[in-house]
Amino acid sequence: MEETRFGNLVFIPGMGCGKYPFCNSLYIDDKKKAIIDPASDESYLRKLARGKKVDIIINSHYHEDHIAFNYLFPEAELYVHEAIGTCFKSYNSFLDYCGLLDSKYRAEWDDLFLNRFHFEERTPSVEFGDGDLLIFGDTKLRVIHTPGHTIGHCSFHFPDQGILFMGDLDLSRFGPWYGDRVSDIDQTIQSMRRLLEIPADIYITSHETGIIRGDITEMVETYLNVITQREKKILEFLERPRTVHEIVERWIIFKRELQPRYFFEFAERGMIIKHLERLIRNGNIGTEEGKFYFISSSDKT
Ligand SMILES: [Zn+2]
């Protein structure tokens, strides 16, 4: 796929339809040149690096499929949200935010992050906050903190172009992802709804389609409905008390067991736990002796 230019903004499609391990990048080709999430197309990014055409890297969040080629731009300044600066400064903090610090598959994770995705500790030059306005010349970007997928996850609004970069609130068929220790389902919903309030004509997502024009209201409802469907399946499975292990083995999120298992089981478990915590908070389920059980409405007197 070719790049798509919107004035000073250039959409760089990720390899493999922008699916993991790649994402789509957005390049700001202005007086100050910036790349959002350089993990799209290695040869395109290497060309930018050779031409010294990147002054600033902006990462929407700390996930490996968004930072994979940060290392090609060692002289660029790094801009990230203030809640996740620590994930870039310290590998252990990154693992901790993911929920992987004590993983029994630490060797596999280290190999993935350090070797395959080139994670390098790096101190951000700028840690921005919600509402901050970043100016690159003619191009202005407004930061919108949209936590949930991870804390510190950000979307970026270009008001003059009517373009909204939504990051991993990606409107994919898979639905929202919230598998890290610092992920949150309710925040994901709130963030998505907040993005609907932002005036835009063109929406850029980090994965798959990448460029969406027009009204996204229906797509957002379909996307958020995946959360409801997952929750419904969990409640159905709790027809009798079950352990977390049993629920994870049901593969409700990914629909079937995927390989490599350490990788997908981590995400399945992380997301199931977020659902169980939420269902407890909402009084839908209870827990006793390490098992989770359904509370029918007639019991809630
Ligand atoms: Zn992500």
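Worth saying up front: this structure is predicted, and the values here are computed from it rather than measured. Numbering of residues starts from 1 in each chain and follows the order in which that chain's sequence is written. A pLDDT threshold of at least 70 governs which residues receive local features in this predicted model, and a stricter bar of 80 or more applies before side-chain atom pairs are shown or counted, although totals over entire chains, interfaces and linings include all residues.

Colleague: Help me understand the overall build of the protein chain, please; the structure alone is not making it clear to me.
Modeller: Each helix is a run of DSSP H or I of at least 4 residues and each strand a run of E of at least 2, with the numbering of both proceeding from the N terminus. If you tally the helices and strands in the protein chain, you get 9 helices and 15 strands. Judged by the C-alpha coordinates and their principal axes, the protein chain covers about 65 × 45 × 35 Å. For the protein chain, the proportion of its 301 residues judged to be buried stands at 39%. Of the contacts made within the protein chain by residues no fewer than 6 positions apart, 58% connect residues no fewer than 24 positions apart. Counting other C-beta atoms within 10 Å of a residue's own tells you its class, since 20 or more makes it buried, 12 or fewer makes it exposed, and anything in between is partly exposed; those C-beta atoms are placed from the backbone. Contact between residues is assigned whenever the C-beta positions, reconstructed from backbone atoms, fall within 7 Å.

Colleague: Looking at this structure, how should I read the sheet that holds strand 11 (residues 163-167)?
Modeller: Within a sheet, neighbouring strands are paired by backbone hydrogen bonds and run either parallel or antiparallel to one another. Taken together, the 6 strands give an open sheet; going across it, the order is 8-9-10-11-12-13, and neighbouring strands pair in mixed fashion. The open sheet has two free edges, formed respectively by strand 8 (133-135) and strand 13 (211-213), since each of these has just one partner strand. Neighbour-to-neighbour, the strand axes of the sheet open up by a mean angle of 25°, direction not taken into account. Sheet topology note: the strand 8/strand 9 (residues 140-145) ladder contains 3 bridges and is antiparallel. Residue pairing across strands places L133 opposite R142, the latter belonging to strand 9. We treat two strands as partners when DSSP finds at least two bridges between them. For helices, the fitted line uses only the C-alpha atoms of the stretch in contact; every axis is such a line through C-alpha atoms, and the angle between N-to-C directions lies from 0 to 180 degrees.

Colleague: When you look at unusual backbone geometry in this model, what are you seeing that I'm missing?
Modeller: In most cases, non-glycine residues show a negative phi, while peptide bonds are predominantly trans. Omega for the peptide link from Y20 to P21 comes to 15°, which places this bond in the cis form. Mapped onto the elements, P21 comes out in the loop between strand 2 (9-12) and strand 3 (25-29). A positive phi angle, near 50°, is found at K52, a position not held by glycine. Along the polypeptide, K52 turns up in the loop between helix 1 (42-50) and strand 5 (56-58). K52 gets classed as exposed once you count the C-beta atoms within 10 Å, which come to 11.

Colleague: Help me understand the environment of F22 in this model?
Modeller: Along the polypeptide, F22 turns up in the loop between strand 2 and strand 3. Contacts of F22, omitting those with residues within four sequence positions, involve G14, M15, G16, A39, S40 and D65.

Colleague: Would you take a moment to explain the nonpolar core for this structure?
Modeller: Core membership is restricted to buried Ala, Val, Leu, Ile, Met, Phe, Trp, Tyr and Cys residues, and these are joined into a nonpolar core through C-beta atoms within 7 Å. Core analysis: the biggest nonpolar cluster contains 57 residues, and I57 and F165 have the highest contact counts within it. Those residues within four positions of F165 in sequence are excluded, and the remaining contacts are L26, I36, S155, F156 and I204. Counting residues in each nonpolar core, the second largest holds 12 residues, with Y178, I252, I272 and I285 among its members.

Colleague: Before we go on, may I ask you to explain the sheet that holds strand 5 in this structure?
Modeller: Spatial strand order, 1-2-3-4-5-6-7: 7 strands in an open sheet with mixed pairing. The open sheet is flanked by strand 1 (4-6) and strand 7 (126-128), the only strands paired with a single partner. Between one strand axis and the next, the sheet turns through 20° on average, direction left out of account. As paired elements, strand 3 and strand 4 (residues 33-36) share 4 bridges and run antiparallel to each other.

Colleague: Sorry, what's going on with the domain arrangement of the protein chain here?
Modeller: One frequently used descriptor of interface size is the decrease in accessible area upon assembly of the parts. An automatic or database domain assignment supplies the residue ranges for each domain. Looking at the protein chain, the domain boundaries give domain 1 (4-214) and domain 2 (229-296). Of note, the centres of domain 1 and domain 2, computed from C-alpha atoms alone, are 29 Å apart. Counting from both sides, the interface comprises 10 residues of domain 1 and, opposite them, 8 residues of domain 2. Any residue outside Ala, Val, Leu, Ile, Met, Phe, Trp, Tyr, Cys, Pro, Asp, Glu, Lys and Arg is labelled polar, Gly included; the first ten of those are nonpolar and the last four are charged. Per-class residue counts for the side of domain 1 that touches domain 2 are 3 nonpolar, 3 polar and 4 charged.

Colleague: What am I meant to see in the packing of helix 6 (residues 185-196) against helix 7 (residues 217-237) here?
Modeller: In helix packing, the relevant descriptors are the interaxial angle and the interaxial distance, both defined with respect to the helix axes. The geometry of helix 6 relative to helix 7 is characterised by a closest axis approach of 11 Å and an angle of 175° between their N-to-C directions. By the angle class used here, helix 6 and helix 7 are roughly antiparallel. Judged by residue contacts, I185, I189, M192 and L196 of helix 6 engage T217, V220, Y223, L224 and I227 from helix 7. Taken together, the residues that form the contact of helix 6 with helix 7 break down as 8 nonpolar, 1 polar and no charged. Orientation labels follow simple angle bins: below 35 degrees gives roughly parallel, above 145 gives roughly antiparallel, 65 to 115 gives roughly perpendicular, and whatever is left gives oblique.

Colleague: What's the story with helix 6 in this structure? I'm lost.
Modeller: Note: α-helices contain 3.6 residues per turn, so residues at a spacing of three or four share the same orientation. Here helix 6 contains 12 residues, and its C-alpha end-to-end distance of 17 Å stays within 8% of the 16 Å for a straight helix at 1.5 Å per residue. Of the surrounding elements, those touching the buried residues of helix 6 are strand 10 (154-158), strand 11 and helix 7. An expected span of 1.5 Å times one less than the residue number is assigned to each helix.

Colleague: Sorry, what's going on with the pairing of strand 6 (residues 77-81) here?
Modeller: A regular strand places its side chains on the two faces of the sheet in alternate fashion. Counting buried residues along strand 6, 4 of its 5 residues qualify, which places the element largely inside the surrounding structure. Note: strand 5 against strand 6, 3 bridges, orientation parallel. Residue I56 lies in a different strand from strand 6, and its bridge partner there is E77. As paired elements, strand 6 and strand 7 share 3 bridges and run parallel to each other.

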